[in-house]
Structures are given as structure tokens and as C-alpha cells.
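One letter stands for each residue in the lines below.
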Amino acid sequence: MRFRAVKGMNDILPDEMQRWHRLERAFRRTVELYGYQEVRVPIVESTDLFVRSMGESTDVVSKEMYSFDRHSESLALRPEGTAGVVRAYVEHSTHAHEPVTRWYYLGPMFRAERPQRGRYRQFYQAGCELLGDGGPASDAEMIEMLCEFLRRLGIGELEVRVNCMGGPETRERYRQVLVDYFRPRAAALSGHARERVERNPLRILDSKDPRDIEASREAPRLLDHLAESDREHWLGLRSALDAFGMPYVVDPLLVRGLDYYTRTLFEVCSTSGAIGSQNALIGGGRYDTLVAQLGGPATPAIGFAMGLERLLLVMPDAVEVAPPLCFIAPVGPQAVRFGLLLARELRSLGVRAELDARGRSMKAMLRRADSMRARMCMVLGDAELARSVVAVKDLERHTQQDVAADQAARFVAELLERSEDPPTDAQGGRP
Ligand code: HAM
């Protein structure tokens with residue numbers, strides 16, 4: 001019986017890992033510069049937490065959640081990070097210890113969606129949540145941070161889209177405006193959208209169905225119906241973004257698929273065509289009412305999350321240089337024992353070392369060293385052991401010399417250090 005990974009859930013093999021690490025490293029470095037600290041919350045939470053925060057009628061909650069019952073509790077694999085992070089913020093009374101909290105997280109999320117390029121059932125997100133600051137300057141700074149992060153990774157061909165959906169007052173006002181607009185057009189909508197006319201007409205604007213797109217074309221714009229305080233916030237955001245001199249597009253049709261959003265919404269999309277229709281790399285927005293909704297004090301908040309698989313599809317390759325490898329080729333059990341000690345010493349000196357202890361012929365081991373593109377090979381044959389030396393082969397320069405056994409590790413470490421080029425950005429050092 002051979003098993004396969006669950007549909008939509010992927011293995012990430014070691015040869016892909018350097019790119020993952022480079023992306024994760026750049027994310028951590030960038031957001032830490034802006035004052036964010038890492039938080040880790042459980043992958044499983046109570047189902048109700050997601051229902052309450054994201055909204056019962058959203059696709060993510062009503063169709064895509066992996067939930068299960070255990071010991072009479074209904075639990076779910078997290079479909080996103082915000083709900084759990086806010087739950088932790090409230091549970092630990094974080095607001096009582098600091099007025100402004102900046103947290104980031106990285107990890108797997110689960111949504112039972114139809115898998116396709118850039119859309120998976122287990123996928124990784126990196127995200128940030130800023131709690132305690134409601135002003136538009138923090139929204140602008142967060143968007144600027146994202147642009148800086150993408151720039152560091154060399155990801156271009158992007159579009160930053162922003163919109164404002166107002167607070168509860170604006171939303172109620174606008175909901176009514178939309179109900180009045182869609183009601184007489186209900187027959188032209190998709191079945192799915194028709195069900196939403198009365199309950200959640202805002203989501204119709206987000207539909208990808210051509211009938212809904214057509215029917216939404218003339219829909220009134222929420223931006224024209226903002227309550228006064230929301231309008232002020234929106235203008236504040238725009239002037240701060242303009243001050244950064246950053247290109248962005250105001251997209252009045254941008255609505256995001258989760259119910260907790262208020263005021264600012266934003267998305268960063270790839271225009272390169274590399275990821276087809278799933279082109280949203282990053283999505284986020286303000287959620288000023290969620291903390292109170294989950295039992296905390298009224299606390300404004302804003303955040304975003306990025307899909308790491310999608311970013312990897314558009315991230316250019318850097319010249320990845322693995323640290324040089326020293327291969328150790330021992331012949332016979334006594335040489336293997338010495339090889340173990342040698343490998344340990346090399347690693348303590350910072351050299352990547354691998355020992356072939358399978359008892360194979362010298363010829364086979366040298367072939368293996370070649371195929372692994374080892375930079376050095378240390379040969380421990382009978383002749384070397386008899387003289388307490390190690391034959392050190394430089395496989396790049398095609399030179400060889402005998403070195404006293406107790407000096408050999410240091411000799412190799414120094415030789416590699418001398419020949420190493422200084423690391424540069426393109427080599428996966430600093431982003
Ligand atoms: P979201 O838009 O649902 O927002 O997801 C954010 C990002 O996660 C998307 O832009 C996309 O890159 C990635 N993503 C989502 N679903 C999938 C999938 N099935 N496969 C691959 N990648 C996917 C949120 O999750 C919010 N929690 C963001 C947020 C944080 N808002 C405020 N704070």
C-alpha cells in the first residue's frame with residue numbers, strides 16, 4: 001500500500017527549503033525593524049472562535065473549515081491567523097501591559113478549497129497584527145512596510161490596492177443602499193449572489209461570477225457613502241500614503257471575504273501573470289470591533305497576511321550558495337571512528353561536513369564526493385592511517401596534500417575561510 005499526501009496539501013522537500021528560508025528570513029528581518037515581535041498560537045482553536053470572528057456566512061467559515069468534534073468540543077484547524085492572535089491578546093490581557101501591541105506570526109493554515117496553482121488546502125501564511133492604534137498613519141506605515149519587504153526580495157510587477165469600507169455606521173447605511181440597488185436586479189445575479197441580496201449584499205461585489213460582475217458594474221460606491229469620521233480616516237490614510245510617494249490604486253470594488261473588517265482594506269496583487277487568477281499575494285485591513293467582539297476592551301486594530309507559496313511563485317531566484325562541503329572518505333572501521341571525530345571537529349569550526357560510513361570502496365566514495373559537489377575531500381585510507389595523516393583533496397583546484405591527522409580539521413577550515421567570497425545580498429545573505 002502506497003500513500004499519497006492529502007489532496008491540496010504539499011510536501012516541501014529540502015531542495016526547495018533555501019527559498020522558503022530566504023523568504024521567511026526577509027519577512028522576520030523586515031517586520032522586526034518595524035517593532036513586531038513573534039507570537040505562536042495553536043493551530044487548533046474552538047470552531048466558534050472562527051465563526052464569531054470571520055462570520056458565519058463567509059465562504060471560509062461555511063464551506064472551507066476543517067472542523068471536528070472531540071470530547072464534546074467542536075474544534076477547527078485554523079483557516080487564518082487573526083482570530084487566534086486576537087483570542088490570545090484578549091486572553092492574556094495584553095492591553096493592560098502595553099498600549100500598542102505589534103505581533104507577527106508564521107505558520108500553516110487550512111482551507112478546504114478547490115486546489116489549483118497558488119491555492120492549496122494547507123498553505124503557509126506570514127502575517128502581522130497591530131493592536132491599539134486606530135490612526136490612519138499606522139495603516140499607511142503597514143502598507144509601506146509591505147512594499148519595503150517585497151522590494152527587498154526583488155518582487156516587482158505589483159499593484160497595491162486600497163479601499164475604505166467604513167465602520168458599523170457606514171456599513172449599515174451602505175448595506176441598505178446596496179439592497180435597494182440589487183433587489184430589482186436579482187434575476188440577473190448568480191444563484192449564490194441572489195441568496196445574499198438581503199443578508200450580505202457587500203459580498204456580491206466580491207463575486208468572480210461574470211453575471212455578478214456585470215450586475216455590479218453600476219453599483220453605488222461605498223466611498224461615496226462614508227460617515228464623517230470614516231471619511232476623515234480615509235483621507236488621512238491617503239495623504240500619508242501620498243507622503244511616502246508610493247504608487248497605489250484606489251479600488252472601490254475591493255471587498256475582502258471576511259466579516260471582521262472595518263475602514264481600511266488593502267491587497268497587494270501580482271500583475272506578472274505567474275500565478276494566474278490567484279493573484280492576491282497579501283491581504284489585510286482594519287478590524288476595529290473584533291477585540292471587543294471577542295470579549296476584550298474596545299481596541300482598534302489592523303493587520304495583514306501573505307501567502308508564502310504565492311510569494312515563492314513570483315520571487316526571483318537569487319544565486320544561492322550553499323556553504324562548501326567537506327566530504328570524509330574512510331576505509332575500514334578504525335578510519336570510520338576517526339572520521340566521526342574529524343567530522344565533529346570540522347563542524348565545531350563551522351565547516352559543513354559529511355562522512356560516508358557505509359564501508360564502500362575509495363573509488364565509489366570519491367565519485368559520491370564529486371556528485372555532491374563537495375569542495376574538499378578528506379581521505380582516510382590504510383596508508384594514511386599508518387602514517388597518522390589525512391590526505392586532503394581540494395576538488396575545485398585539483399590539488400592534494402597530506403596533513404598531520406591532529407591538524408587536518410583546522411587546516412581545512414582555514415583553507416575554506418581564505419577562499420570564501422564575502423557574502424552579498426544576491427547570495428542569500430542579508431535581504
Ligand atoms: P486572506 O485574504 O484570506 O486574509 O488571506 C491572506 C493571503 O493568504 C492571501 O492573499 C493569499 O496570499 C493567501 N491565501 C489565502 N488562501 C489561500 C489558499 N487556499 N492557498 C494559498 N494561499 C492562500 C486573511 O487570512 C486575514 N487573516 C488577513 C488579515 C490579517 N487581516 C487582518 N489581519
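Placed above this text is the structure.
Nothing here was measured: the structure is a model prediction, and the numbers come from that model.

A. Representation of helix H5 (residues 136–152) within the structure. With 17 residues, H5 should reach 24 Å at 1.5 Å per residue; the first-to-last C-alpha distance of 25 Å fits that figure. Taken together, the buried positions of H5 are Ser138, Asp139, Ala140, Met142, Ile143, Glu144, Met145, Leu146, Glu148, Phe149 and Leu150. Phi for Gly154, located one or two positions after H5, is positive at around 75°.

B. Main features of empty space enclosed by the protein. In this structure the tally under the stated criterion is two cavities of 30 Å³ or more. Taken as a whole, the largest cavity spans an internal volume of roughly 40 Å³. The wall of the largest cavity is formed by Asn163, Met165, Tyr174, Leu202, Leu205, Leu222, Pro252, Leu254 and Val255. Residues that form the lining of the largest cavity fall into these classes: eight nonpolar, one polar and no charged. Considered as a void within the structure, the second largest cavity measures approximately 30 Å³ in volume. In this structure, the second largest cavity is lined by Tyr34, Tyr36, Arg102, Leu130, Ser138, Glu141, Met142 and Met145. Here the lining of the second largest cavity takes four residues from H5, the largest share from any one element. Classifying every residue of the lining of the second largest cavity by side-chain character gives five nonpolar, one polar and two charged.

C. Seen up close, the nonpolar core. Ranked by size, the top nonpolar core spans 90 residues in total, and within it Phe27, Cys128, Phe149, Phe304, Met306 and Leu311 carry the most contacts. Of the residues forming this core, the biggest block, seven residues, is contributed by H5. Ranked by size, the runner-up nonpolar core spans 21 residues in total, among them Ala343, Leu346, Ala353 and Ala405.

D. Representation of the site of the ligand. Neighbouring the ligand are 27 residues, the closest being Glu80, Glu113, Tyr120, Glu129 and Tyr261. One nitrogen or oxygen atom from the main chain of Tyr120 is found 2.9 Å from a nitrogen atom belonging to the ligand. Measuring from a nitrogen atom of the ligand, one finds a backbone N or O atom of Phe304 at 3.3 Å. Considered on its own, the ligand offers 650 Å² of accessible surface; in the complex 95% of this is hidden by protein. When contributions to the shell around the ligand are tallied by element, the ones reaching two or more residues are strand E6 (122–131), strand E10 (280–286) and strand E11 (301–307). Among the elements that make up the shell around the ligand, the one with the highest residue count is E10 (six residues). Here the residues of the shell around the ligand sort into twelve nonpolar, eight polar and seven charged.

E. Molecular detail of the side chain of Glu64. Mapped onto the secondary structure, Glu64 falls in the loop between helix H3 (59–62) and strand E3 (67–70). For the buried Glu64, no salt bridge is present, and the opposite-charge side chain at shortest range is Arg111, 5.0 Å distant.

F. Region of the structure containing the environment of Lys7. As for its placement among the helices and strands, Lys7 is situated in the segment before helix H1 (14–33). Using a relative accessible area of 56% as the deciding quantity, one classes Lys7 as exposed. Counting along the chain gives 107 residues from Lys7 to Arg114, while the straight-line C-alpha distance between them is 9.4 Å. Filtering out sequence-adjacent residues up to four positions away, Lys7 remains in contact with Pro115 and Arg121.

G. Quick look at the pattern of salt bridges. Counting across every chain of the model gives 28 salt bridges. The residue Asp59 makes a salt bridge to Arg196 at a minimum N-O spacing of 3.4 Å. One end of the pair, Asp59, is in helix H3; the other, Arg196, is in helix H8 (residues 196–199), with 137 residues separating them in the sequence. Accessibility expressed as a relative area gives 11% for Arg196, which makes it buried. Linked by salt bridges that have partners in common, Arg161, Asp251, Arg256 and Glu267 make up one network.

Cut-offs and rules
Residues numbered from 1 in each chain as written. Predicted model: local features only at pLDDT ≥ 70, side-chain atom pairs only at ≥ 80, totals over all residues. Heavy atoms only, no water. Helix = DSSP H or I, 4+ residues; strand = E, 2+ residues; numbered from the N terminus. Expected span 1.5 Å × (residues − 1). Buried < 20%, exposed > 50% of the residue type's maximum accessible area, 1.4 Å probe, protein only. 1 Å grid on protein atoms, 1.4 Å probe; cavity = no way out; pocket = protein on both sides within 12 Å on 5 of 7 lines; lining within 4 Å. Points joined across faces, edges and corners; volume = space filled by probe spheres on them. Nonpolar A, V, L, I, M, F, W, Y, C, P; charged D, E, K, R; others polar. Core = buried A, V, L, I, M, F, W, Y, C linked by side-chain atoms within 4.5 Å. Near = heavy atom within 4 Å. Polar contact = N/O pair within 3.5 Å; in protein donor to acceptor, adjacent residues only side chain to side chain. Areas by Shrake-Rupley, 256 points an atom, 1.4 Å probe, with all protein chains shown as cover. Lys, Arg positive; Asp, Glu negative; His and termini not counted. Salt bridge = Lys/Arg side-chain N within 4 Å of Asp/Glu carboxyl O. Contact = heavy atoms within 4.5 Å.

Interpretation in functional terms is not warranted from these geometric data alone.
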